[in-house]
Amino acid sequence: MTMRFITLVFVLMSVFGSTVLAENTVRWSAQGDAITLDPHAQNEGMTLATAKQIYEPLVHRDETMALQPGLALSWGLTADPTVWEFVLRQGVTFHDGRLFTADDVVFSFTRALMPTSDLKDIIGTVREAVAVDDFTVRITTEGPNPILPQQITDIYIMSRGWAEENNVTGPQDVASGEETYAVRHTNGTGPFILNLREPDVRTVLTKNPQWWGLQEDEPHNVDRIIFTPVSNAATRVAALLSGELDFVLDTPVQDLARIRRTPGLAVQSTPEVRAIFMGLDTGRVELRSSNIKGKNPFSDLRVRQAMNMAVDRNAIVQRIMRGVAEPAGMLLSPGIGGYTEEIDALPKLDPAAARALLADAGYAGGFSVTLDCTNDRYMNDEAICQAVVGMLARIGITVRLDAKTKVLHFPKIQNNESDFYLLGWGSGTMDSHYHLDFLAMPDRAWNRTGLHDPELFTMIDDIAIETDLVKRDEMINTAWLRLKAAEVYVPLHHQGLAWTMKDRLSLPIQPDNQPQFRLARVAE
Amino acid sequence: MTNVLSASPRAALWISFRQSPLAIVATGLVLTFLLCAFLAPWLATQNPFDPINLELMNSFLPPAWTTEGSSTFILGTDDQGRDMWSAILYGSRISLTVGLSAVAFSATLGITVGLIAGYAGGWAETLLMRLADVQLTIPALLIALMVDGLSRAVLSPEAHDGIALYMLIFAIGIADWPQYARVVRSATLVQKQSGYVAQAKLSGASSVAIVFGHILPNVMTSVLVLATLGLALAIIAEATLSFLGVGMPPTTPSLGTLIRIGNDYLFSGEWWITLFPSLALVMLALSVNLLGDWLRDALNPRLR
């Protein structure tokens with residue numbers, strides 16, 4: 001009898017106990033998963049968004065993209081304008097219990113500068129990081145770099161001890177398909193600890209009870225985050241409507257009206273600092289996927305101008321993006337220093353003139369080329385590419401569309417195997433130099449345009465070290481005009497953002513489309 | 001009933017057909033589909049496979065009879081401004097082409113294997129039939145997915161798109177041959193014992209002549225039923241693969257691709273993009289299936 005009673009109590013406790021001690025779980029989804037958990041291996045939105053919950057940078061960004069102390073409490077230029085000093089937070093531990101010190105910062109910067117790091121170009125001006133004492137780090141740059149703190153918000157700090165123990169002192173080489181311990185295991189100082197990682201299936205993070213931020217005002221109250229990538233847009237929305245998900249990052253624009261009308265769900269929107277565009281490989285002698293042999297149609301400026309004139313950006317924004325985007329004439333989105341409406345002015349839409357330009361260039365009969373495109377990265381990416389195929393067909397360019405997952409698409413760009421590709425570019429630093437450097441400089445893994453303009457390259461290098469901010473802005477403006485005139489890109493639009501979530505979840509929308517669950521609160 | 005029994009088999013089939021309204025309707029539908037698919041370039045208002053004809057500003061138009069509809073697009077348009085009516089016509093063309101070719105491919109392969117196994121016997125029979133058994137244990141869709149995956153890994157995307165249709169036919173066809181092989185083998189075993197085969201052997205006919213000239217015509221009845229039912233399955237398999245995104249490329253949509261595209265717009269109220277291709281697919285598969293069912297009953301002497 002007593003035995004039975006005790007059993008009953010246990011059963012009741014396990015049933016009701018779970019509701020009394022309810023955990024705040026946030027279930028969320030996006031169309032694609034992080035490519036890797038190695039925080040320095042891939043400069044890609046979802047990858048950084050995942051790393052952000054587990055690892056921390058020296059300097060954080062808040063929901064307005066303003067800088068905030070992260071693992072560094074304060075920072076400033078020393079008397080020498082090429083040396084920045086960062087004072088570190090004390091008493092911080094990694095998830096495995098190791099104490100965080102200046103040595104880990106030195107290690108992480110060294111790691112992020114290695115050849116296989118995809119972030120090395122962001123901090124390309126960094127010469128070295130040196131530990132002054134256990135909690136002070138000095139970073140020396142090649143020439144003065146006034147915006148260094150802006151550039152290091154995606155440089156996540158790893159533990160040297162852990163990396164050495166697990167043989168991951170260098171970043172994974174994603175493009176060659178390398179697999180390392182750090183790809184599926186993590187050890188950060190961040191607000192959440194990796195609990196389960198099944199790539200493309202499920203990633204579970206649990207609250208880090210030791211996280212320093214919990215001592216501050218209004219800390220997050222999320223105990224568990226379950227991420228499930230769902231590539232099909234309709235399935236994602238269905239899961240949100242049925243309550244299986246609490247938060248969807250990339251809600252299809254066509255479903256926003258429906259979600260707004262649904263009780264219990266909320267829509268947050270903001271312009272994203274991300275331009276969507278297409279790159280043309282002008283550098284090679286002959287395009288791999290074209291019927292034209294012996295010469296490269298893209299290396300003729302008139303062909304590029306014609307393509308820019310043939311794309312109806314307003315139609316794409318109105319129909320495919322349903323107004324949740326702004327048509328773009330430049331690669332930089334509003335809100336980032338260096339943006340001007342003059343440079344962002346749209347190329348004239350004129351298919352007839354475009355056809356004449358093509359004929360002028362000797363392609364009256366048109367030519368064929370393959371467009372590489374993602375189908376799980378940007379909002380309605382495949383539909384956008386299909387529309388571009390139609391628009392280019394009208395001026396005689398036959399485009400074969402190869403739409404595939406980003407896991408295949410991005411390495412194709414990075415390995416320099418694409419003639420014509422779709423890409424989106426946000427901003428890790430909120431500064432023009434980031435865009436110019438990654439998208440115009442030669443031999444950058446994300447620039448496969450083959451643009452050759454030594455004068456522009458020198459200008460971009462100079463921007464990196466110019467300390468006179470007025471002069472720097474002028475240089476940035478000139479550089480953008482020059483890049484625009486080269487027309488090696490076909491800008492499409494500045495992507496708008498819409499996050500949809502249950503209204504009991506408060507999570508500030510970020511213009512870089514990377515949720516920070518450390519800022520989340522779940523209503524009890 | 002008496003005239004059925006006394007008539008020749010062909011006439012009996014015709015009488016059974018006339019007496020079955022279901023068979024008449026099903027045949028009518030199948031013929032309509034075949035005709036529509038064949039005449040697609042003339043019946044369609046645009047060629048939906050040529051991107052030059054698609055105007056993005058015409059996208060998401062509802063069917064003509066709704067208030068916002070346009071009379072140019074009877075069944076509305078999809079996300080790229082494709083006319084749904086034309087897309088369905090061209091889509092069923094692909095569905096039927098793939099279905100018929102896949103059936104022809106698997107039937108040819110299966111019949112040949114079945115005849116050889118049944119007539120030759122011995123180790124050839126054991127080997128071929130065990131091979132068929134092994135393949136039967138793997139679901140057809142999985143085989144099709146595997147063939148598709150392999151071809152994508154081996155071929156360049158340009159080459160793959162060029163032969164996407166043939167790959168689809170091969171992928172669906174290769175999965176189905178054991179069905180034919182088993183039926184033909186058992187029928188062959190029965191026919192092998194019959195008097196006309198012994199007669200042919202005695203008169204010195206070669207094995208090839210006996211198998212293809214005498215046995216084959218006598219086992220075709222059962223193959224006919226299998227093939228008709230197999231056609232419906234092949235059409236559905238093609239739609240499934242395209243729905244999963246491994247079939248026809250999005251620029252040349254089949255019915256399955258259209259349903260997949262439309263699926264993204266169900267919550268936002270653009271129901272016509274997925275509904276009409278789905279209806280077309282259901283009607284096509286159902287009518288072929290009904291025809292197959294009737295054929296099976298009509299050709300089965302025990303049910304007469």
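Residues numbered from 1 in each chain as written. Chains lettered and ligands numbered in written order. Predicted model: local features only at pLDDT ≥ 70, side-chain atom pairs only at ≥ 80, totals over all residues.

**Side note on the interface of chain A and chain B**
Which entries qualify depends on this criterion: Here, residue contact means that the backbone-derived C-beta atoms of the two residues sit within 7 Å. Here a strand is any run of E in DSSP of at least two residues, a helix any run of H or I of at least four, and the numbering for each starts at the N terminus. Amino acids outside the nonpolar list (Ala, Val, Leu, Ile, Met, Phe, Trp, Tyr, Cys, Pro) and the charged list (Asp, Glu, Lys, Arg) are all regarded as polar, and Gly is one of them.
Chain A puts 25 residues into the contact, and the matching count from chain B is 21 residues. Those elements giving two or more residues to the side of chain A that touches chain B turn out to be helix 7 (233-241), helix 10 (313-320), helix 12 (381-393) and strand 15 (397-404) of chain A. Tallied by class, residues from the side of chain A that touches chain B come to 12 nonpolar, 5 polar and 8 charged.

**Looking at the confidence of the model for chain A**
Formally: Per-residue confidence from the predictor is given as pLDDT, running between 0 and 100.
In this model, chain A carries a mean pLDDT of 92, and residues with pLDDT of at least 70 account for 96%. A low-confidence stretch, residues 15-20 of chain A (pLDDT under 50), is modelled with 0 contacts involving residues beyond four sequence positions or located in other chains.

**Thoughts on helix 16 (residues 469-486) of chain A**
All names here are of chain A. Selection criterion: In this scheme, a helix's expected span is set at 1.5 Å multiplied by one less than its residue total. Counting other C-beta atoms within 10 Å of each residue's C-beta, where C-beta atoms are placed from the backbone, gives the exposure class: buried for 20 or more, exposed for 12 or fewer, partly exposed between.
Its 18 residues place the ends of helix 16 26 Å apart at the C-alpha level, agreeing with the 26 Å of an ideal helix rising 1.5 Å per residue. For helix 16, the complete set of buried residues consists of Arg 472, Met 475, Ile 476, Ala 479, Trp 480, Leu 483 and Lys 484. Against the buried residues of helix 16 lie helix 14 (432-440) and helix 15 (454-465). Glu 487 lies just past helix 16 and shows a positive phi near 50 degrees.

**Observations concerning the sheet that holds strand 7 (residues 136-141) of chain A**
Residue and element names in this part refer to chain A. Put simply, the test is: Between any two strands, pairing holds if DSSP finds at least two bridges. Lines fitted to C-alpha atoms define the axes here, with helix axes fitted over just the stretch in contact, and angles between the N-to-C directions of these axes take values from 0 to 180 degrees.
Taken in spatial order, the 4 strands of this open sheet run 4-5-7-6, and their pairing is antiparallel. Both outer strands of the open sheet, strand 4 (72-77) and strand 6 (126-133), are each paired with one neighbouring strand and no more. Averaged over all pairs of adjacent strands, the angle between their axes in this sheet comes to 20 degrees, without regard to strand direction. By the bridge criterion, 5 bridges tie strand 5 (residues 83-88) to strand 7 in an arrangement that is antiparallel. When the sheet's bridge partners are listed, Val 83 is paired in strand 7 with Thr 140.

**Let's talk about the environment of Asn 513 of chain A**
All names here are of chain A. Looking at the secondary structure, you find Asn 513 in the loop between strand 18 (505-506) and strand 19 (521-522). When the 24 C-beta atoms within 10 Å are taken as the criterion, Asn 513 is described as buried. Each C-alpha atom, one on Asn 513 and one on Pro 271, is 9.7 Å from the other, the two residues being 242 residues apart in sequence. Not counting residues within four places of it along the chain, the set of residues in contact with Asn 513 comprises Gly 45, Glu 272, Arg 274, Gly 426 and Leu 497.

**A look at the pairing of strand 8 (residues 192-198) of chain A**
Within a regular strand, side chains alternate between the sheet's two faces. All names here are of chain A. Note that strand 8 and strand 9 (residues 202-207) share 6 bridges and pair antiparallel. The residue of strand 9 that forms the bridge with Leu 194 is Leu 205. Hairpin connection between strand 8 and strand 9: a loop of 3 residues separates the two successive antiparallel strands, and Asp 200 in this loop has a positive phi of roughly 65 degrees.

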